[in-house]
Amino acid sequence: MSKNQAPNNSHFLPTEVIEKCINSELWVLLKGNMEIVGILRGMDMFLNLIIDDATEIVTTPAGRTFKKIEQILLNNSQIVLLVPGSRPDYLPSE
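Residues numbered from 1 in each chain as written. Predicted model: local features only at pLDDT ≥ 70, side-chain atom pairs only at ≥ 80, totals over all residues. Heavy atoms only, no water.

Remarks on the nonpolar core
Alright, step 1. With 14 residues, the main nonpolar core has Val28, Ile36, Leu40, Leu49, Ile51, Ile72 and Leu74 as its most contacted residues.
Alright, step 2. Among the elements of the structure, β1 (25-30), β2 (34-43), β3 (49-60) and β4 (63-74) are those that each provide at least two residues to this core.
Alright, step 3. Leaving out residues up to four positions away in the same chain, leucine 49 has contacts with Ile18, Leu26, Val28, Leu40, Gly42, Met43, Ile72, Leu73, Leu74, Ile79 and Leu82. (Core = buried A, V, L, I, M, F, W, Y, C linked by side-chain atoms within 4.5 Å. Buried < 20%, exposed > 50% of the residue type's maximum accessible area, 1.4 Å probe, protein only. Helix = DSSP H or I, 4+ residues; strand = E, 2+ residues; numbered from the N terminus. Contact = heavy atoms within 4.5 Å.)

Now the structure itself:
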């Protein structure tokens, strides 16, 4: 950064962004053609996530299966992508 350049304060840490999503809907894409959609209730410093009122979506060559889960703990090593405030179009309405 040059001497005359103002600091850029628009940077956020991943934990700050995810903390803003607590108690909101979150769409999580996981390794192995799995997805979880539900309400983010908490996280730890390792970005393991607790999700309530979740739907597990598994995609196979035969199609998609949907399973309701009351609460799930997602290990951060399985998370590929987080989409706050969104859900897939193919998720059945409740």
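Remarks on the pairing of β1
Alright, step 1. Pairing of β1 with β2, which is carried by 6 bridges, proceeds in the antiparallel orientation. Among the inter-strand pairings, leucine 26 is bridged to a residue of β2, identified as glycine 38.
Alright, step 2. Following β1, the chain reverses through 3 residues before pairing antiparallel with β2; glycine 32 in that reversal takes a positive phi of roughly 80°.
Alright, step 3. Where β1 and strand β5 (residues 79-84) come together, 5 bridges link them in antiparallel fashion. Along β5, the bridge assignment pairs leucine 30 with isoleucine 79. (Pairing = 2+ DSSP bridges.)

Points about the packing of aromatic side chains
Alright, step 1. Applying the stated criterion across every chain yields a total of 0 aromatic pairs.
Alright, step 2. One residue, arginine 64, lies across the ring of tyrosine 90, its end atom 3.5 Å from the ring centre. (Phe/Tyr/Trp six-rings, centres within 6.5 Å; stacked < 30°, edge-to-face > 60°. Lys NZ or Arg CZ within 6 Å of the ring centre and 35° of its normal.)

Section: unusual backbone geometry
Alright, step 1. Despite not being glycine, asparagine 23 shows a phi value in the positive range, around 70°.
Alright, step 2. Located in the positive-phi region is aspartate 53, a residue other than glycine, with phi close to 50°.
Alright, step 3. Within the secondary structure, aspartate 53 sits in strand β3.
Alright, step 4. With a relative accessible area of 47%, aspartate 53 lands in the partly exposed category.

Description of the sheet that holds β1
Alright, step 1. If you walk across this open sheet you meet the 5 strands as β4-β3-β2-β1-β5, and the pairing is antiparallel. Here the strands that pair on one side only, and so sit at the sheet edges, are β4 and β5. The sheet shows a mean angle of 25° between the axes of neighbouring strands, taken without regard to direction. (Axes fitted to C-alpha atoms, helices over the stretch in contact; angles between N-to-C directions.)

Observations regarding the pattern of salt bridges
Alright, step 1. Under the defined criterion, the tally for this structure stands at 2 salt bridges.
Alright, step 2. Across the salt bridge formed by arginine 87 and glutamate 25, the nearest N and O atoms sit 2.7 Å from each other. Of the two residues, arginine 87 is situated in the segment after β5 and glutamate 25 in strand β1; the sequence distance between them amounts to 62 residues.
Alright, step 3. A relative accessible area of 24% places glutamate 25 in the partly exposed class.
Alright, step 4. Here arginine 41 ties to aspartate 52 by a salt bridge, and the two come within 3.0 Å at their closest N and O atoms. One end of the pair, arginine 41, is in strand β2; the other, aspartate 52, is in strand β3, and 11 residues separate them in sequence.
Alright, step 5. Owing to a relative accessible area of 16%, aspartate 52 belongs among the buried residues under this scheme. (Salt bridge = Lys/Arg side-chain N within 4 Å of Asp/Glu carboxyl O.)

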